[in-house]
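# Structural overview
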Amino acid sequence: MKLFFLIILSFMLALPMLKAQEVKPENQAQFITKFRFYQLIGGIIIIRGTFNDIPDTLNFILDTGSGAISIDSATAAEFKIPNFPSQMTVNGIAGIKKVNHSLYNTLHLPGLTVDSLNFFVNDYSLLSSVYGLKIDGVIGYSFLKRYIVAINYDSLQISVYSNGTFNYAKGTTMLRPVFTALPILPMPAKDRRSVFTNFYLDTGAGLCFLLSKKFIEDSTFLKKKRKPVGILVQGPGGKRQMQVTVIKKIKVGPFVFRKVPTNILDDEFNALSYPFIGGLVGNDILRRFNVVLNYKARVIAIKPNSHFQDSYDYSYTGMNLYMEGDRIVIDDIVKGSPADKAELKDGDIILAVNNNMTNDISSYKNSMQNVGAVIPIIISRNGEIFAKRIRIGRIY
């Protein structure tokens, strides 16, 4: 779920007799700190830090698709973080809801303390279940606007600098999105026909590319032969039916990506702000660059890294895996999908995948990304043990 703010832009005509004012040079950006981050499936970035005077280390998603900073409701309750009802709402794929507010908080990252932060309180239990890792919050615009943040996906390190004149690495491409708290990049995409429209750049989306169903219908964008398959995706606040397919190409700056896995969202609650926005570029594309987020200068700088040529995940199982306590459970099986044909059922408990008994949800998902492979799965159902075999399908 993404939090969006409407920014009203105003313009003022300069008076002819107004004297030009001297523009003072901006100070050089100063290095503040560097720390490691962790990646989840789809390139999701996890930053570990502490909150206020709470000694426990918490897990935060770094999300350019969030217009604020938020804390998980269960985390807030566990540590008795003061919060109160507000009139603010979050608008996401599963609906619109009011959220509580927590004022004047402090975020401690390695080598950096950020104070006077206002947090929204949101429920991230479903995300925790999907990733098999407790998600304690999301760090977005309220943090990113204060600093220059350099993300190095090769070394899995984030460097933070003060705002100011920044020296970019040689070979860097400068993107200049429109910033309305969230970065919006006008860019082309092509399938049945070429289009040029606005897309969010969203590090909090663990996918390659996403399009609004209304955009596809209005633009007749998809080739007629495309046959998207159904999936169920998760966001803060609930699940949402989507379709997934492959489109011919997209272009980010001068860089062209072909045969791109693409999610199609029936955006009932208009979380994407269509028709102004057609969709988003997720972090399974953005992680292929080392990225500098310079919100004050209205620049996102990208440079291809060692992951630039990584293959895409075209696999399709038609089911989701969730961590429930210490068990990994199958759910959301799509009728007619490979999981359905393998006679798997919602509620089955996975004991092993491809002879892997680690009970690690990420490794199980990775094991089922080999298109065409027949993967053995051991499950427990109503106390009985069953051996199943699933042939991994492919999205088209």
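As a reminder, the structure under discussion sits directly above these lines.
Notes on the structure follow. (Residues numbered from 1 in each chain as written. Predicted model: local features only at pLDDT ≥ 70, side-chain atom pairs only at ≥ 80, totals over all residues. Heavy atoms only, no water.)

## A short note on the overall build of the protein
Scanning the protein for helices and strands turns up seven helices and 29 strands. Rg of the C-alpha trace for the protein: 22 Å, near the compact-globule value of 21 Å for 396 residues, within the 12% margin. Dimensions of the protein, computed from C-alpha atoms along their principal axes, come out at roughly 80 × 55 × 40 Å. Buried residues in the protein amount to 54% of all 396 residues. Across the protein, contacts joining residues at least 24 apart in sequence account for 64% of those joining residues at least 6 apart. Just so you have it, the protein exposes about 19100 Å², and 52% of that area is on carbon and sulfur atoms. Taken as two groups, the 46 positive and 31 negative side-chain charges of the protein have centres that lie 11 Å from each other. (Helix = DSSP H or I, 4+ residues; strand = E, 2+ residues; numbered from the N terminus. Rg over C-alpha atoms; globule rule 2.2 N^0.38 Å. Buried < 20%, exposed > 50% of the residue type's maximum accessible area, 1.4 Å probe, protein only. Contact = heavy atoms within 4.5 Å. Areas by Shrake-Rupley, 256 points an atom, 1.4 Å probe, with all protein chains shown as cover. Lys, Arg positive; Asp, Glu negative; His and termini not counted. Charge placed at Lys NZ, Arg CZ, Asp CG, Glu CD.)

## Observations regarding the nonpolar core
Most often, soluble globular proteins have nonpolar side chains that are buried together. Residues F143, I158, F209, I250 and F257 are the most contacted members of the largest nonpolar core, which totals 82 residues. Top contributing element to this core by residue count: strand β18 (residues 238-252), with six residues. Leave out the neighbours within four places in its chain, and F209 touches M187, A189, F199, I247, I250, V260, P261, T262, N263, L280 and V281. Among the nonpolar cores identified, the runner-up in size contains 20 residues, and I333, I361, M368 and I392 belong to it. (Core = buried A, V, L, I, M, F, W, Y, C linked by side-chain atoms within 4.5 Å.)

## Things to note about a nonpolar patch on the surface
A cluster of nonpolar side chains, namely F84, L103 and Y104, defines an oily patch on the protein surface of about 330 Å² accessible area. Residue placement: Y104 occurs in strand β7 (residues 95-109). Overall, Y104 belongs to the exposed group, its relative accessible area being 67%. (Patch = residues over 30% accessible without salt bridge, like charges linked within 9 Å, V, L, I, M, F, W, Y side chains within 5 Å. Salt bridge = Lys/Arg side-chain N within 4 Å of Asp/Glu carboxyl O.)

## Observations concerning the pairing of strand β19 (residues 255-265)
Remark: a regular strand shows side chains that alternate across the two faces of the sheet. Of all the eleven residues making up β19, eight are buried; the element is thus mostly covered by neighbouring parts of the structure. Note that strand β16 (residues 209-212) and β19 share four bridges and pair parallel. In the sheet register, S212 faces β19, and the bridge partner there is L265. (Pairing = 2+ DSSP bridges.)

## Considering the packing of aromatic side chains
One pair of aromatic rings is described through two measures. These are the centre distance and the angle between the planes. Using the criterion set out here, one finds 16 aromatic pairs in the structure. Ring geometry for F143 versus Y147: centroids 5.3 Å apart, planes at 40°, classification tilted. Pair check on accessibility: F143 and Y147 agree, each one buried. Relative to F308, the ring of F289 has its centre 5.6 Å away and its plane inclined at 70°; by these criteria the two rings are edge-to-face. Of this pair, F289 sits in strand β21 (residues 289-294) while F308 is found in the loop between β22 (299-304) and β23 (315-316), placing the two residues 19 residues apart along the sequence. Residue F289 shares its accessibility class with F308, and that shared class is buried. Directly above the aromatic system of Y38 lies the positively charged group of R48, at a separation of 4.3 Å from the ring centroid. Sitting over the ring of F386, R381 keeps its end group 5.3 Å from the ring centre. (Phe/Tyr/Trp six-rings, centres within 6.5 Å; stacked < 30°, edge-to-face > 60°. Lys NZ or Arg CZ within 6 Å of the ring centre and 35° of its normal.)

## Structural notes on the environment of S66
Tracing the sequence through the fold places S66 in the loop between β4 (54-62) and β5 (69-72). Since its relative accessible area comes to 7%, S66 is described here as buried. Placed 60 residues apart in sequence, S66 and L126 show a C-alpha to C-alpha distance of 17 Å.

## Structural notes on the sheet that holds β21
Strand pairing in a sheet is mediated by backbone hydrogen bonds. Such pairs are either parallel or antiparallel. Strands sit in the order β1-β11-β10-β21-β22-β12 across an open sheet of six strands; the sheet is antiparallel. Of all the strands in the sheet, the pair left with one neighbour each is β1 (31-36) and β12 (173-175). Looking at each pair of strands side by side, their axes are set apart by 15° on average, direction ignored. (Axes fitted to C-alpha atoms, helices over the stretch in contact; angles between N-to-C directions.)

## Here's the deal with the environment of S73
Here S73 shows up in helix α1 (residues 73-78). For S73, a relative accessible area of 29% gives the class partly exposed. Linking S73 and G137, residues 64 residues apart in sequence, is a C-alpha distance of 8.9 Å. For S73, the residues in contact, after removing those within four places along its chain, are V121, N122 and D123.

## What to know about the pairing of β5
Both faces of β5 are covered, namely the face carrying I69 and I71 and the face carrying S70 and D72. Inspection of the sheet shows β5 paired to strand β9 (residues 137-139) by three bridges, in the antiparallel sense. By the bridge assignment for β9, I69 is matched with I139. Direction of pairing for β5 relative to strand β8 (residues 112-122): parallel, over a ladder of four bridges. What sits directly across from S70, in β8, is F120.

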